[in-house]
Amino acid sequence: MPQHRALEQWVDQVASITRPDRIHWCDGSEEEYQVLIEGMLRDGTLIGLNHQRYPGCYLHRSHPSDVARTEHLTFICTSRKEDAGPTNNWMEPKEARAQVGKLFEGSMKGRTMFVVPYLMGPAGSPYSKIGVEITDSPYVVVNMRIMTRMGKVALERLGESDSFVRGLHSLGDLSPDRRFILHFPEERLIWSIGSGYGGNALLGKKCHALRIASWIGREEGWLAEHTLIIGVEDPSGQVTYMAAAFPSACGKTNLAMLVAPLQLSGYKVWTVGDDIAWLHVGPDGRLRAINPEAGFFGVAPGTSVKTNSNMLAAIDRNVIFTNVAVTPDGEPWWEGKDPTPPNGLVDWQGNPWTPGEGAAAHPNSRFTVPARQCPSISPHWEDPEGVPISAIIFGGRRARVAPLVYQSYSWQHGVFVGAGMASETTAAQSGAVGVTRRDPMAMIPFCGYNMADYFAHWLDMGQRIAHPPAIFHVNWFRTDTQGRFLWPGFGENIRVLKWILERVQGQGKAAETPIGFVPTSDALEMDGLSLPAGAMDELLRIDADAWAAEHAEQGLFFDRLAARLPVQIRQEHDMLRQRLSRLSAT
Ligand code: OXD
Ligand code: MN
């Protein structure tokens, strides 16, 4: 009698369509990992790096057309179009199966099919979920081993159950013309073909832990969010946990590993997660967060001793680098790692590089590293019941409009603040960079259902949390008229976290403004930091005209969701208009 009958049946069925030469069931062991690495070194999928300086580190160069998430090729396949909503691409499930199913026929011929059982969440947590990814990419397997709890641990938890998220992935022919990332949330099923890139191919991450999990979370009464999780320790030793949602490549990883400057060295940030949180109402009535992932898939460019010394210390061993440059000594390199690039670099495509030729590392080059290697990892990062969240922080990349930080008036107003978010696009997704787009809760690419229903679910969650976290919004990216950043960011962001901590504790000076509570100009701790004259006032300024335009943009976005938009969001939007009109009248 097979031990995992439902899984075996599915594996047989997939194999009969994809027709691999071999099937390998992954146990997640170190030996298996090494065998896969050696195979990839032999066939050139991986390149060894300097093993004295970077033991256990390898480089993968992806196909040049396969370097970022492809949102235009990502679909939610629900039986009813309205359930996917106007912000998602939608395909009718039968049509999706017919169209994309053809591409899987024989797609694994000549290849090994890997069966990758994995857990999202700590092994003993009641909040963890099981997934199985079938893939023909050994690169995906080794990344999944870093990013999830993979192999035996997941199979043991699965037992005879047929309750697991099914993810089928094939590299296909890597052509963007035959690339599809499909989600069938009603069936807990993911199909991905034609891409080996992280967010498209490591199905535990965006596809399972966000798109499918957000759907399951609504059904079961919890939230799957694109947020980091940190513990902020104050000088008395008390740790307060916060979750922060920023769009891709907007600094979640750096904030999650922040090192405070000398003057505030009594404060310490503990890392629980850098990208995704699953948030449940705990038995104590508090919102509890687990990090479903076991590793970090971080953006390399910009990572330096100055911006993220914890990450730099974490990525000197056991790392898979993707699309970075290489020095003549075989060390990984990317823009921003050192002030000047070393001579003799080889760029991300394997060509000799000379300064002035564009970036040596791809702007979305990445590292995959086990979370436990991070020096700031929290002793509680694998607590089965999660950590209690006291503050939720939304944030975007906005050159104008949004002040450095503000606090919402209530849970409902906070949900509106999240719903009204916008941010400038980055290299993490294919397409133009720097275009402002509406990105509610940083979930526009990741919400697996109708965004209006998602807002309703957030509102509903507030009713069910006895002690709801306070909700804030931050913007590290505001610029002056010359386009220079007004705020230094990185470690100095602890000054903003300190104000948030004070507000959570019922302190912290703030002025009531039309958009929420904004710190007074003397409210932030500025010991050891001097800003140019007028910069703080500008960082905290609410510009009536800019906000009127922002209000109108929000309205256009909410109009797209009108069919299902919760009335509370409209009310908050109207109240914002009324408060703003008083501001422009004064
Ligand atoms: C990521 C992303 O990889 O958001 O985390 O693109
Ligand atoms: Mn992300």
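Calculation notes
- Residues numbered from 1 in each chain as written.
- Chains lettered and ligands numbered in written order.
- Predicted model: local features only at pLDDT ≥ 70, side-chain atom pairs only at ≥ 80, totals over all residues.
- Heavy atoms only, no water.
- UniProt positions renumbered as here; feature names shortened; annotations may be inferred.
- Near = heavy atom within 4 Å.
- Polar contact = N/O pair within 3.5 Å; in protein donor to acceptor, adjacent residues only side chain to side chain.
- Areas by Shrake-Rupley, 256 points an atom, 1.4 Å probe, with all protein chains shown as cover.
- 1 Å grid on protein atoms, 1.4 Å probe; cavity = no way out; pocket = protein on both sides within 12 Å on 5 of 7 lines; lining within 4 Å.
- Sits in = over half its atoms within 2 Å of the grid points.
- Nonpolar A, V, L, I, M, F, W, Y, C, P; charged D, E, K, R; others polar.
- Pairing = 2+ DSSP bridges.
- Helix = DSSP H or I, 4+ residues; strand = E, 2+ residues; numbered from the N terminus.
- Buried < 20%, exposed > 50% of the residue type's maximum accessible area, 1.4 Å probe, protein only.
- Contact = heavy atoms within 4.5 Å.
- Core = buried A, V, L, I, M, F, W, Y, C linked by side-chain atoms within 4.5 Å.
- Domains from an automatic or database assignment.
- Salt bridge = Lys/Arg side-chain N within 4 Å of Asp/Glu carboxyl O.
- Donors = N, O, S within 2.8 Å, 3.2 Å for Na, K, Ca; no water.
- Phe/Tyr/Trp six-rings, centres within 6.5 Å; stacked < 30°, edge-to-face > 60°.
- Lys NZ or Arg CZ within 6 Å of the ring centre and 35° of its normal.
- Points joined across faces, edges and corners; volume = space filled by probe spheres on them.

- Named according to an unreviewed UniProt entry, the protein is Phosphoenolpyruvate carboxykinase [GTP] originating from Candidatus Methylomirabilis limnetica.
- If you open the UniProt record of the protein and go to Subcellular location (unreviewed entry), you find "Cytoplasm".

Concerning the site of ligand 1
Item 1. Taken together, Arg69, Lys205, Lys206, His226, Ser248, Asp275, Phe297, Arg366, Ala428 and Phe446 are the residues near ligand 1.
Item 2. Within the side chain of lysine 206, an N or O atom sits 2.9 Å from an oxygen atom of ligand 1.
Item 3. Serine 248 places a polar side-chain atom, nitrogen or oxygen, 2.5 Å from an oxygen atom of ligand 1.
Item 4. About the coverage of ligand 1: the protein hides 96% of its 210 Å² of free accessible area.
Item 5. Comparing atom positions with the cavity grids shows ligand 1 to sit within the largest pocket.
Item 6. When its residues are assigned to classes, the shell around ligand 1 shows three nonpolar, two polar and five charged.

Examining the sheet that holds strand E22 (residues 366-370)
The pairing of strands in a sheet happens through backbone hydrogen bonds and is either parallel or antiparallel.
Item 1. Spatially, five strands are ordered E2-E3-E19-E22-E18 in an open sheet, and the strand pairing comes out mixed. Single-partner strands in this sheet number two, and they are strand E2 (47-48) and strand E18 (295-299).
Item 2. Where strand E19 (residues 320-322) lies against E22, three bridges are found, and the strand directions are antiparallel. Its bridge partner being in E22, threonine 322 is matched across the sheet by arginine 366.

Re the UniProt feature "binding site: GTP" (unreviewed entry) in the protein
Item 1. In this numbering, the UniProt entry assigns the feature "binding site: GTP" (unreviewed entry) to Ala249, Cys250, Gly251, Lys252, Thr253, Asn254, Arg366, Arg397, Phe490, Gly491, Glu492 and Asn493. For the residues just named, distributed over 245 residues, the greatest C-alpha separation reaches 24.6 Å, placing them at more than one site. Within the annotated group, the residues that form the lining of the second largest cavity are Cys250.
Item 2. Owing to a relative accessible area of 31%, alanine 249 belongs among the partly exposed residues under this scheme.
Item 3. With near-sequence residues (within four places) excluded, alanine 249 lies in contact with Val299, Arg397, Thr426 and Ala428.
Item 4. Within the secondary structure layout, cysteine 250 lies in the loop between strand E14 (239-245) and helix H9 (252-256).
Item 5. With relative accessibility at 2%, the residue cysteine 250 sits in the buried group.
Item 6. The contact partners of cysteine 250, leaving out residues within four places of it in the chain, are Arg397, Ser423, Thr426 and Phe477.

Looking at the nonpolar core
Item 1. In this structure, Phe321, Phe455, Trp487, Leu497 and Ile500 are the most contacted members of the largest nonpolar core, which totals 151 residues.
Item 2. Here this core spans two domains, and each of domain 1 (5-46 + 73-221) and domain 2 (225-295 + 379-585) adds at least three residues to it.
Item 3. Residue contacts for phenylalanine 455: discarding those within four places in its chain leaves Val415, Ala419, Pro440, Met441, Phe557, Phe558, Leu561, Leu565, Pro566 and Ile569.
Item 4. Judged by nonpolar contacts, the second largest core, of 29 residues, contains Val115, Ile134, Leu182 and Trp191.

Considerations on the pattern of salt bridges
Item 1. Enumeration according to the criterion identifies 34 salt bridges in this entry.
Item 2. Lysine 129 is the salt-bridge partner of glutamate 220, the closest N and O atoms lying 3.0 Å from each other. Here the residue glutamate 220 occupies a position in helix H8 (residues 204-220), and lysine 129 occupies one in strand E7 (residues 129-135), the gap between them amounting to 91 residues.
Item 3. Members of the salt-bridge network, linked through shared partners, are Arg80, Asp83, Arg218, Asp453 and Arg564.

Observations regarding the coordination of the manganese ion (ligand 2)
Item 1. Taken together, the protein ligands of the manganese ion (ligand 2) are Lys206 (NZ), His226 (NE2) and Asp275 (OD), with distances of 2.1 to 2.2 Å.
Item 2. In primary-sequence terms, the residues that donate to the manganese ion (ligand 2) follow K-x19-H-x48-D. Of this pair, histidine 226 sits in the loop between strand E12 (223-225) and strand E13 (227-233) while aspartate 275 sits in the loop between strand E15 (268-273) and strand E16 (277-281), placing them 49 residues apart in sequence.

Quick notes on helix H5 (residues 138-147)
Item 1. Within H5, eight of the ten residues are buried, which leaves the element mostly enclosed by the surrounding structure.
Item 2. Regarding H5, the residues found buried are Tyr139, Val140, Val141, Val142, Asn143, Met144, Ile146 and Met147.

Some details on the packing of aromatic side chains
Item 1. Going through the model one piece at a time under the given rule, you end up with 21 aromatic pairs.
Item 2. With a centroid separation of 6.1 Å and an interplanar angle of 50 degrees, the aromatic rings of tyrosine 454 and phenylalanine 455 are classed as tilted. Per residue, the accessibility class of tyrosine 454 equals that of phenylalanine 455, and both read buried.
Item 3. One aromatic cluster is present, built from ring pairs that chain together Trp215, Phe416, Tyr449, Tyr454, Phe455, Phe557 and Phe558.
Item 4. The residue whose ring lies beneath arginine 166 is tryptophan 10, and the NZ or CZ to ring-centre distance is 5.9 Å.
Item 5. The positively charged end of arginine 218 is found above the aromatic ring belonging to tryptophan 215, 5.4 Å away from the centroid.

Concerning the pairing of strand E10 (residues 180-184)
Item 1. E10 sits mainly inside the fold: five of its five residues count as buried.
Item 2. The alternating pattern of E10 places Phe180, Leu182 and Phe184 and Ile181 and His183 on opposite faces, both of which are buried.
Item 3. Here strand E4 (residues 74-76) pairs with E10 via three bridges, running parallel. Residue pairing for E10: phenylalanine 75 is matched across the bridge by leucine 182.
Item 4. Of the strand pairs in this sheet, E10 and strand E11 (residues 189-193) are connected by five bridges, and their pairing is antiparallel. Looking across to E11, one finds that phenylalanine 180 is bridged to isoleucine 193.

Remarks on the layout of surface pockets
Take a probe with the size of a water molecule and roll it over the atoms, and the empty space left behind shows itself.
Item 1. A volume near 870 Å³ is recorded for the largest pocket.
Item 2. The wall of the largest pocket is formed by 42 residues, among which Ala249, Cys250, Gly251, Asn254 and Arg397 lie closest to the centre.
Item 3. Only H8, H9, E18, helix H10 (305-314) and E22 provide two or more residues apiece to the lining of the largest pocket.
Item 4. By residue number, the principal contributor to the lining of the largest pocket is H9, which donates four residues.
Item 5. In the lining of the largest pocket, the residues fall into 19 nonpolar, 15 polar and eight charged.
Item 6. When residues of the lining of the largest pocket are assigned to domains, at least three map to each of domain 1 (5-46 + 73-221) and domain 2 (225-295 + 379-585).
Item 7. Put simply, the second largest pocket is a space of about 510 Å³.
Item 8. Looking at the second largest pocket, it is lined by 28 residues, and the ones nearest its centre are Met40, Asp136, Ser137, Pro138 and Tyr139.
Item 9. Among the elements of the structure, strand E1 (22-25), helix H2 (30-43), strand E6 (112-120) and H5 are those that each provide at least two residues to the lining of the second largest pocket.

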